[in-house]
Amino acid sequence: MPNDKDYIKDNKLIKENEGLSAKSKRRLSNAKSENTIKAYDADWRDFVDWCTYHDMESLPTTPETIVNYISDLADNAKANTIARRVTAISENHIAAGYDRDENPAKSGLVRATIASIRREKGTFQRGKAPILMDTLSLLADVLDGDDLVSIRDRALILLGFAGAFRRSELVAVRVEDLTFMQQGLVVFIPHAKGDQLGKGSTIAIPYAPDPKICAVRAVKKWLDASRIESGPLFRPFKKNDELRDRGLSDKSVALIVKKYVELAGLDPREFAGHSLRRGFATSAAQHDVDTLSIMRQTRHKSEKMVHRYIEQGKLFKDNPLNKMFKND
């Protein structure tokens, strides 16, 4: 019968390896990030539930079982989701002690099915609308209040755009991570997606010529108004409008973005927290910023996603019709 044990958390290759010291075992248990393990766990449990319903073995499983599972999954799931589920199945088999030759997720039958699903469904993922430079100016117009909430939200939105922050990174910024300089602001990011080794990264945010969209001035104003001297930079409010000691949740970023997008007369359903990061990359492409410079600010490790932003940013800029119209 299917086994719902999480083999990645309880890795047999590590736990039962008599040649490893206790210290080595603890270190190896941190080889994957906590978020990665959680994602694999959720994907693995979905496969186990499917196997339970169909009275099939989940571990060890067979290539045929995986193919039947992902074929059912393909009725509603995206191709990228399906590929991730297969990776979770593979990782659990590896953690349970099965080598590559015994790993059913690595079989040609499974690879051929995934390729077929990709052709059938495509891999394009429609993301949320980007907040571009023009959109940022619109938001700045509705973020002109002098109350603490407006000052906080203005700093959050402008810093989120200028630093191309992920939601989780933005709410994790601490006052201790900020260094103000003559040219602008330097932000240290101790932990980020893709930074498995925990090296951290540093990004620079110069003063903007237009004060109303300047992230550096907005953050300074927020620090002065809130009197926060240490700890989380962006915090929720109590009912009496006092600041809490903890930081905002990453979901709050999306809610704040949607609030001001709607006030600016745009459809909030089209935007989310990621719109700030995506907007920076797309706007940079529209202004002919080179790929490596964009990647330094966005901290992307691969050019693949950045090139998607560049292509979207230059849809009209490099459109052949523009040259044709000029010559007409």
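As shown above, the structure is provided for reference.
Residues numbered from 1 in each chain as written. Predicted model: local features only at pLDDT ≥ 70, side-chain atom pairs only at ≥ 80, totals over all residues. Heavy atoms only, no water.

Comments concerning the overall build of the chain
Step number 1: A tally of helices and strands in the chain yields 15 helices and 3 strands.
Step number 2: Evaluated residue by residue, the chain yields a buried proportion of 43% over its 328 residues.
Step number 3: About 18,900 Å² of surface is accessible on the chain, with carbon and sulfur atoms providing 51% of the total. (Helix = DSSP H or I, 4+ residues; strand = E, 2+ residues; numbered from the N terminus. Buried < 20%, exposed > 50% of the residue type's maximum accessible area, 1.4 Å probe, protein only. Areas by Shrake-Rupley, 256 points an atom, 1.4 Å probe, with all protein chains shown as cover.)

Overview of the nonpolar core
Step number 1: Ile157, Leu159, Trp222, Leu233 and Phe234 are the most contacted members of the largest nonpolar core, which has 57 residues in total.
Step number 2: Take this core: its biggest share by element is 8 residues, from helix 8 (residues 148-162).
Step number 3: When neighbours within four sequence positions are excluded, Ile157 is seen to be in contact with Leu136, Leu139, Leu143, Ile256, Tyr260 and Leu276.
Step number 4: Residues Val48, Leu73, Val86 and Val110 belong to the second largest nonpolar core, which totals 22 residues. (Core = buried A, V, L, I, M, F, W, Y, C linked by side-chain atoms within 4.5 Å. Contact = heavy atoms within 4.5 Å.)

Description of the side chain of Gln297
Step number 1: Position of Gln297 relative to the elements: it lies in helix 13 (residues 291-298).
Step number 2: Among the polar contacts listed, one links the side chain of Gln297 to the backbone oxygen of Ala162, at a separation of 3.0 Å.
Step number 3: Once residues within four sequence positions are removed from consideration, Gln297 is found in contact with Ala162, Gly163, Ala164, Ile203, Ala204, Ile205 and Phe280. (Polar contact = N/O pair within 3.5 Å; in protein donor to acceptor, adjacent residues only side chain to side chain.)

Points about the packing of helix 4 (residues 63-73) against helix 5 (residues 79-95)
Step number 1: Relative to each other, helix 4 and helix 5 sit at 150°, their axes nearing to 10 Å. If you check the angle between helix 4 and helix 5, you find them roughly antiparallel. Relative to helix 5, helix 4 is oriented so that their crossing is right-handed. Contacts from Ile66, Tyr69, Ile70 and Leu73 of helix 4 reach helix 5 at Ile82, Arg85, Val86 and Ile89. (Axes fitted to C-alpha atoms, helices over the stretch in contact; angles between N-to-C directions. Parallel < 35°, antiparallel > 145°, perpendicular 65-115°, else oblique. Left-handed = near helix turned anticlockwise from the far one by under 90°.)

Observations regarding the layout of surface pockets
Step number 1: Its boundaries defined by the atoms lining it, the second largest pocket holds a volume of some 470 Å³.
Step number 2: Along its surface, the second largest pocket is lined by 20 residues, and Met133, Phe161, Ala162, Pro206 and Phe280 are the ones closest to its centre.
Step number 3: For the lining of the second largest pocket, the elements supplying multiple residues, two or more each, are helix 7 (133-142), helix 8, strand 3 (201-206) and helix 12 (274-286).
Step number 4: The residue inventory of the lining of the second largest pocket, partitioned by class, reads 17 nonpolar, 3 polar and no charged. (1 Å grid on protein atoms, 1.4 Å probe; cavity = no way out; pocket = protein on both sides within 12 Å on 5 of 7 lines; lining within 4 Å. Points joined across faces, edges and corners; volume = space filled by probe spheres on them. Nonpolar A, V, L, I, M, F, W, Y, C, P; charged D, E, K, R; others polar.)

Brief notes about the packing of aromatic side chains
Step number 1: Under the defined criterion, the tally for this structure stands at 5 aromatic pairs.
Step number 2: Plain terms: the ring middles of Phe47 and Tyr69 are 5.0 Å apart, the flat faces sit at 70° to each other, and that makes the pair edge-to-face. Taken together, the positions of Phe47 in helix 3 (residues 34-54) and Tyr69 in helix 4 put the pair 22 residues apart, joining distant regions of the chain.
Step number 3: Overall, Phe47 belongs to the buried group, its relative accessible area being 0%.
Step number 4: Residues Trp222 and Phe237 carry aromatic rings whose centres are separated by 6.5 Å and whose planes lie at 70° to one another, so their mutual orientation is edge-to-face. Taken together, the positions of Trp222 in helix 10 (residues 215-226) and Phe237 in the loop between helix 10 and helix 11 (250-263) put the pair 15 residues apart, joining distant regions of the chain. Take Trp222 and Phe237: they sit in the same class, and that class is buried.
Step number 5: Looking at Arg299, its charged tip hangs above the ring of Phe165, at a distance of 5.4 Å from the centre. (Phe/Tyr/Trp six-rings, centres within 6.5 Å; stacked < 30°, edge-to-face > 60°. Lys NZ or Arg CZ within 6 Å of the ring centre and 35° of its normal.)

What to know about the sheet that holds strand 3
Step number 1: One open sheet holds the 3 strands; their spatial order is 1-2-3, and the pairing between them is antiparallel. One side of each edge strand has no neighbouring strand; the edge strands of this open sheet are strand 1 (178-180) and strand 3. Neighbouring strand axes in the sheet, compared pairwise and without regard to direction, differ in orientation by 20° on average.
Step number 2: Across 3 bridges, the pairing between strand 1 and strand 2 (residues 184-189) is antiparallel. Its bridge partner lying in strand 2, Leu178 is registered against Val187.
Step number 3: Running over the sheet, helix 10 touches strand 1, strand 2 and strand 3 and is turned about 110° from strand 1. (Pairing = 2+ DSSP bridges.)

Quick look at the pattern of salt bridges
Step number 1: The final tally for this structure, using the stated rule, is 13 salt bridges.
Step number 2: The salt bridge partner of Lys212 is Asp141, with a shortest N-O separation of 3.1 Å. With Lys212 in the loop between strand 3 and helix 10 and Asp141 in helix 7, the pair connects residues that are 71 residues apart, well separated along the chain.
Step number 3: Take Lys212: its relative accessible area is 29%, and that puts it in the partly exposed class.
Step number 4: Overall, the relative accessible area of 42% leaves Asp141 in the partly exposed class.
Step number 5: The partner of Asp267 in a salt bridge is Arg269, and the shortest N-O contact between them spans 3.1 Å. (Salt bridge = Lys/Arg side-chain N within 4 Å of Asp/Glu carboxyl O.)

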